[in-house]
Amino acid sequence: MAMEPLGKKGNFFHIYSFWVKPGTGPEFVEKFEEFDYSDGNPMHKSPYQVKDGVMLRDTEDPDHFWLIAEWGSVEEHRRILGELRELQPEFVSYIQDLDKGAFVPKYGEIVSSTPQEILDAAE
């Protein structure tokens, strides 16, 4: 299988770093997947979502998670995030310090990405 870059130059990653209430990681992941894979998730309906997100769990702290995905527009992600907040999915209730902005993404522009022809030559 050919390698492909993790992201495309000019697109953006949203990056969340947050903690769940101690010991609730498995329930959080279950509720996240239940919502994320449902027809009710507005993120998956946007043409600006370039690559679907992945959830990562810190190998040194089981209550710490990251959520990343590739988007073509920061503004569109922010707009849909507003819709998501109105839906109040159950998984969000497991996140610590919501009132302190704990589940707010940082955005990063992809400024370098290995060209496909270089990846193809590495096979």
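Shown above is the structure to which this text applies.
Residues numbered from 1 in each chain as written. Predicted model: local features only at pLDDT ≥ 70, side-chain atom pairs only at ≥ 80, totals over all residues. Heavy atoms only, no water.

J.: Can you lay out the side chain of Gln49 for me, pointing to particular residues and giving the numbers?
T.: Here Gln49 is to be found in strand β2 (residues 49–57). Since its relative accessible area comes to 15%, Gln49 is described here as buried. Looking at Gln49, its side chain comes within polar contact range of the side chain of Asp52, at 3.2 Å. Sequence-distant contacts of Gln49, that is, excluding residues within four places in its chain, are made with Met43, His44, Ala69, Glu70 and Trp71. (Helix = DSSP H or I, 4+ residues; strand = E, 2+ residues; numbered from the N terminus. Buried < 20%, exposed > 50% of the residue type's maximum accessible area, 1.4 Å probe, protein only. Polar contact = N/O pair within 3.5 Å; in protein donor to acceptor, adjacent residues only side chain to side chain. Contact = heavy atoms within 4.5 Å.)

J.: Before we move on, can you summarise helix α2 (residues 74–87) with the specific residues and values?
T.: The end-to-end C-alpha distance of α2, which contains 14 residues, comes to 20 Å, matching closely the 20 Å that a straight helix rising 1.5 Å per residue would cover. The complete set of buried residues in α2 reads Val74, Glu76, His77, Ile80, Leu81 and Leu84. When α2 is viewed along its axis, its buried side chains cluster within an angular range of 150 degrees and face the same direction. In α2, the exposed positions angled more than 90 degrees off the buried face are occupied by Glu75 and Glu86. The N-cap of α2, judged by a side-chain oxygen 3.4 Å from the amide nitrogen of Glu75 a few residues on, is Ser73. (Expected span 1.5 Å × (residues − 1). Arc of directions from axis to C-beta.)

J.: I'd like a description of the environment of His64, backed by residues and values.
T.: Along the chain, His64 falls in strand β3 (residues 64–71). Considered as a pair, His64 and Val20 are 44 residues apart in the sequence and their alpha carbons are 6.5 Å apart. Apart from residues lying up to four places away in sequence, His64 is in contact with Ser17, Phe18, Trp19, Leu56, Arg57 and Asp58. Only 2.8 Å separates the side chain of His64 from the side chain of Ser17, close enough to count as a polar contact. There is a polar contact of 2.9 Å between the side chain of His64 and the side chain of Asp58.

J.: Describe the nonpolar core, listing the residues and the values that go with them.
T.: In this structure, Phe18, Phe28, Phe91 and Phe103 are the most contacted members of the largest nonpolar core, which totals 20 residues. Looking at this core, the elements with two or more residues in it are β1 (12–19), α1 (25–36), β3 and α2. In terms of residue count, β3 provides more of this core than any other element does, four residues in total. Sequence-distant contacts of Phe103, defined by excluding residues within four places in its chain, comprise Tyr16, Phe18, Leu67, Arg85, Phe91, Ile95 and Leu98. (Core = buried A, V, L, I, M, F, W, Y, C linked by side-chain atoms within 4.5 Å.)

J.: Just give me the short version of the sheet that holds β3, but keep the residues and values in it.
T.: Strand order in the open sheet formed by four strands is β2-β3-β1-β4, with antiparallel pairing between adjacent strands. With one partner strand each, in any of the chains shown, β2 and β4 (106–109) form the two edges of the open sheet. Between one strand axis and the next, the sheet turns through 20 degrees on average, direction left out of account. Pairing geometry for β1 and β3, over eight bridges, is antiparallel. When the bridges of β3 are listed, Tyr16 appears paired with Leu67. (Pairing = 2+ DSSP bridges. Axes fitted to C-alpha atoms, helices over the stretch in contact; angles between N-to-C directions.)

J.: Go over the pairing of β2 with me, naming the residues and quoting the values.
T.: The sheet contact formed by β2 and β3 spans six bridges and is antiparallel. When the bridges of β3 are listed, Gln49 appears paired with Trp71.

J.: Explain the packing of aromatic side chains to me, using residue names and the numbers behind them.
T.: On inspection of all chains with the given rule, the structure shows ten aromatic pairs. Measuring from ring centre to ring centre gives 5.6 Å for Phe18 and Phe28, while their planes differ by 70 degrees; the resulting arrangement is edge-to-face. Here the residue Phe18 occupies a position in strand β1, and Phe28 occupies one in helix α1, the gap between them amounting to ten residues. Judged by centre distance (6.1 Å) and plane angle (75 degrees), the rings of Phe91 and Phe103 are edge-to-face. (Phe/Tyr/Trp six-rings, centres within 6.5 Å; stacked < 30°, edge-to-face > 60°.)

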